[in-house]
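Residue-level listing of the chains:
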Amino acid sequence: FEALPFEGKTPATVVLLLSSPEEDILIKACEALHIFAEKDENKVSLLELGALEPLCQLITHNNKLVRRNAFMALGIMAINDTVVHEYATLCLAPLSLDFVCKVQIFDNKGLPSLIQLLSSPDPDVQKNSLEIIFNLVQDYQCRLAVHELGGIPPLLELLKSDFPVIQHLALETLQNVTTDKDSRSTFMEDQGFDKLMDCGDLHAEALRVLANCLSDSECVQLIHKDGRLTRLMDFLVNPNMPEIQSSAVKCIAGVAQIENRILLHELNVEKVLVELLSEADTGVKTSTCQAVAAMSFHLASQHGIPAVVQGLSSENLKLREAATQALSNLTHSNHLNAAVYEAGGHQILVQQLYGSCSRTVANAAATLGHMAGQEDIRCSILSHGAIQALVEPLKSTDTQLLIHTTQCLAVLACDTEARAELQSAGGLQPLVNLLRSNHKEILQNACLAITLCASDVPTTAERALEMLQEINQSVNRSSSFSKMAMISLINCNLPVKYSLTGHLASTDIISDGFYDAGKVPAGQRILTLEELSRQPVNQHRPIIVVKDGDRQKDESQPGSPTQKPWKMMDDVSLQVLVIEAKKSILRMNDEQEKYAALALVSEAMGGAVEREKLHKFSWVLHLSQLKFQLQSNVIPMGLIRRGIYRHRALLFKFQCLADCIGMSSTLVRGEYDRAWNEVLVFSGNPSGNGRYSQPARFIVDLMHQPGSLLATNTPAAVKYQTI
């Protein structure tokens, strides 16, 4: 083509010419754009038309004039800082949502520049900068840096902006920043309270910022000193603005949480809160319940209790949670238990135990546990099925829920029927499973509940004993609670107690089914009588069992249909010994004579044996023959005709407490098959008031001079106890 004359009158046409392959056109186009961009508004237009990218490419062009004019055009465009700031912050805003980008912005000193841009005259720059800062202050380090870099004053100034979006962002940023104590101090020094109160239609968001300040005692005192708390109270009684009411109540809750309850009492806050509990708005009710929970330890009025109880029946989950938290705190010191009970709160709280929100269930359990300390209320709670309702929460993994559930269960388990219901509802197994917990309070509560339920846990006692043994051997997990639970369980399982401790007290009554499995090392599992009886005959010492009954007892557990039910054989010989012993002492009045007469039952086990001839007393062979005859390691006590210390001591202990004899005796295991019985004997005649003198403790000789009473700690007694 020959030269074609061309006129371009619009910037868009000239921008398109920047892509021409002809150098003359490029030179003229760049020059024209340079001239056009001298006005600020034209710079923005060129950016919007996409002139930046082709100009950036032309600065590397081979033609010198093209490069020069492209640089000139870019230079004049870059003079407008506002445009650069706007687009730079616009780019950074979405990037600041990403964690890696946040770190890069902070590490590259971006935050100081962003804080400076908060004072930009351009609202777009302000808005973009605010958005970036808001994203950054979600992290603690950036939150502190905003305060240190002087970011709070410009944030407060932006509350006066004509643009709501900027005001919202400024308030949301302040809400994050004022979670730091130093930031709150600066906020108050810069008249932050007054500026928040003057936010016009943004009071709800402003109050959320204020709530942070009111959680600081120093800020509260400063606000109260200037009479500003009264201004805050005005928001509580504004019925046409529920959101603001709700936010104001949250501020009150913040004040109450830092021990400023007396200050609030002076402002008559309790009365206002009671009135707010009757509000129709769910959000206001929820916030009010939260405030009541915070102030509960100072509230003495019962007037608000029915309204809080009514909140338990709400369909709103947050309101139900807040109501249960309020009731939990209100009943903590038992002073409002009766009010909650009279309002029917206990019945609804039991139903809350079936809820899906773990915090609500935990609060409900805590409240019921507090109320159950009073017997009449406890009985009513149990009548509404509290035990059944607590079983499922026992299986939870939520720490707070387990703490309050076990606490509640421990209080309710004082009742005998409650323990029976817990067993029938299948609650014992999950309770025992909590002994695996490493949480101190859960473990202690579980141990306490097991202590109370010890006599009702036959199906789980074996596993519980193993776990408690392990706990008590641990330096970190052992406690007075675990030891108490262990004692309670073994007191209900005397064979285990005797195997572990080697001692039965005079109050421990040996009954049908007791067996002596010998001393068992700590940590080793103690086999049941059925398990021991099913073992093949071995070379170990026999298991001596007490079977004092005329009927066969099926002790077998459900198992294989091919496995024969296990039954303990009757011990007729033992029954005869009991009858004879009872006849021999029936007419005796003197205690020493009674003990001596009972000691003579050792005749059934070979009679007196001189100490020097004890090695010739063939008791080992005799027991081996019985094991062979019975084809069992378990030998009924009445079949033993040649027994030594441990066999005779067990027989004596059983005889003392059998049927109506009612005499007391301990059973103590020594070393090398030694065992003995200690008895208390009142000496002399009763005084004029019918009382005997101080009793003396004796060991009953059942081996060498049956019937002799050896005073404890004397050489004769020590000799009897040792080889």
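Fair warning: this is a prediction, and the values are worked out from it, not measured in the lab.

### Regarding helix α5 (residues 64-78)
Then step 1. Helix length check: α5 (15 residues) gives 21 Å between terminal C-alpha atoms against 21 Å at 1.5 Å per residue, within 8%.
Then step 2. Taken together, the buried positions of α5 are occupied by V66, N69, A70, A73, L74, I76 and M77. Taken end-on, α5 shows its buried residues confined to a sector of 165 degrees, consistent with a single buried face.
Then step 3. Buried residues along α5 sit against α2 (23-36), α3 (40-48) and α4 (52-58).
Then step 4. N-capping of α5 is provided by N63, with a side-chain oxygen placed 2.9 Å from the backbone N of L65.

### Focus: the sheet that holds strand β2 (residues 515-516)
Then step 1. Reading across the sheet, the three strands line up as β2-β3-β6 and stay open at both edges, with mixed pairing between neighbours. Each having just a single partner strand, β2 and β6 (634-636) make up the two edges of the open sheet.
Then step 2. Across two bridges, β2 lies against strand β3 (residues 543-545) in antiparallel orientation. Paired with Y515 across the bridge in β3 is V545.

### Some remarks on the nonpolar core
Then step 1. Judged by nonpolar contacts, the single largest core of 143 residues is most densely connected at L210, L232 and L435.
Then step 2. Each residue touching L232, except ones within four places of it in the same chain, is listed here: L207, L210, L214, A248, C251 and I252.
Then step 3. The next biggest cluster of nonpolar side chains, apart from the first, holds 52 residues, and it includes L494, F654, I661 and W676.

### Thoughts on helix α20 (residues 269-276)
Then step 1. Along α20, the residues that are buried comprise V269, E270, V272, L273 and L276. The arc enclosing the buried residues of α20, seen along the axis, measures out at 160 degrees, which places them on a common side.

### Digging into the sheet that holds strand β11 (residues 709-711)
Then step 1. Strand order in the open sheet formed by three strands is β9-β10-β11, with antiparallel pairing between adjacent strands. Each having just a single partner strand, β9 (678-681) and β11 make up the two edges of the open sheet. Sheet twist, expressed as the average angle between the axes of neighbouring strands with direction ignored, equals 45 degrees.
Then step 2. Relative to the sheet, helix α38 (residues 591-599) contacts β9, β10 (696-700) and β11, its axis offset from that of β9 by approximately 155 degrees.

### Re the packing of helix α8 (residues 110-117) against helix α9 (residues 123-136)
Then step 1. Across the interface, α8 lies against α9 with an axial gap of 9 Å and an inter-helix angle of 140 degrees. One way to sum up the angle between α8 and α9 is to call them oblique. Handedness of the crossing formed by α8 with α9: left-handed. Contact with α8, carried on its side by L111, L114, I115 and L117, involves V125, Q126, S129, I132, I133 and L136 of α9 and no other residues of that element.
Then step 2. For the contact of α8 with α9, the residue count by class is eight nonpolar, two polar and no charged.

### Focus: the UniProt feature "repeat: ARM" (unreviewed entry) in the protein chain
Then step 1. The UniProt record annotates "repeat: ARM" (unreviewed entry) at residues 109-151, 150-192, 303-345 and 385-427.
Then step 2. The span residues 303-345 shows a helical share of 65% and a strand share of 0%, and its end C-alpha atoms are spaced 14 Å apart.
Then step 3. In residues 385-427, the share of helix is 67% and the share of strand is 0%. The end C-alpha atoms are 13 Å apart.

### So, the pattern of salt bridges
Any two side chains of opposite charge can pair, given that their charged atoms come close.
Then step 1. Applying the stated rule across the entire model yields 14 salt bridges.
Then step 2. Note that R534 and E530 form a salt bridge whose closest N and O atoms lie 3.1 Å from each other. Pair noted here: R534 and E530 are both in helix α36 (residues 529-534), with a separation of four residues, about one helical turn.
Then step 3. When its relative accessible area of 35% is taken as the criterion, R534 is described as partly exposed.
Then step 4. We classify E530 as buried; its relative accessible area is 13%.
Then step 5. Connected through salt bridges with shared partners, the residues D516, R541, R646, R669 and D673 form a single ionic network.

### Notes on the state of the cysteines
Then step 1. Inspection of every chain in the model, using the stated rule, returns zero disulfides.
Then step 2. We note that C447 lacks a disulfide partner, and the nearest cysteine sulfur, in C453, lies 12 Å from it.

### Considering a nonpolar patch on the surface
Then step 1. Residues F99, V100 and V103 make up a contiguous nonpolar surface patch of about 280 Å² in total accessible area.
Then step 2. Counting through the fold element by element, F99 comes out in helix α7 (residues 99-107).

Conventions we followed
- Here the residue numbers are simple positions, counted from 1 along each chain's written sequence.
- The model is predicted, so local features are restricted to residues of pLDDT at least 70 and side-chain atom pairs to those at 80 or more, both for listing and for counting; the totals for chains, interfaces and linings are taken over all residues.
- Each side-chain value is worked out from all heavy atoms of the structure, with water and hydrogens disregarded.
- By the criteria applied, helices consist of DSSP H or I runs no shorter than four residues and strands consist of E runs no shorter than two, each listed in order from the N terminus.
- Multiplying one less than the number of residues by 1.5 Å gives the expected span of a helix.
- Throughout this description, buried means an accessible area under 20% of the type-specific maximum (1.4 Å probe, protein chains only), exposed means over 50%, and partly exposed covers the range between.
- The directions considered for the arc are those from the helix axis to the C-beta atoms.
- Whether two residues are in contact is decided by their heavy atoms: any pair within 4.5 Å suffices.
- By the criterion applied in these results, polar contacts are pairs of N or O atoms within 3.5 Å in which, for protein atoms, one can donate a hydrogen and the other can accept it, and in which residues neighboring in sequence qualify only through two side-chain atoms.
- For two strands to count as paired, DSSP must find a minimum of two bridges between them.
- Take the buried Ala, Val, Leu, Ile, Met, Phe, Trp, Tyr and Cys residues and link them wherever side-chain atoms come within 4.5 Å; each set so joined is a nonpolar core.
- Between the N-to-C directions of two axes lies an angle of 0 to 180 degrees, each axis being a line fitted to C-alpha atoms and, for a helix, fitted only over the stretch in contact.
- Relative orientations are named as follows: roughly parallel for angles under 35 degrees, roughly antiparallel for angles over 145 degrees, roughly perpendicular for angles from 65 to 115 degrees, and oblique for any other angle.
- It is the rotation of the near helix from the far one that decides the hand of a crossing: anticlockwise by less than a right angle makes it left-handed, clockwise makes it right-handed.
- Under the convention adopted here, Pro, Cys and the residues Ala, Val, Leu, Ile, Met, Phe, Trp and Tyr are nonpolar, Asp, Glu, Lys and Arg are charged, and Gly plus all remaining residues are polar.
- UniProt positions are given in the numbering used here, feature names are shortened, and annotations may be inferred rather than shown by experiment.
- We define a salt bridge as a side-chain nitrogen of Lys or Arg found within 4 Å of a carboxyl oxygen belonging to Asp or Glu.
- Counting rule for disulfides: a pair of cysteine sulfur atoms within 2.5 Å.
- Patch building starts from residues that exceed 30% relative accessible area and form no salt bridge, then joins like charges within 9 Å and nonpolar side chains (Val, Leu, Ile, Met, Phe, Trp, Tyr) within 5 Å.
- All accessibility values rest on the Shrake-Rupley procedure with a 1.4 Å probe; residue burial counts only the protein chains present in the view.

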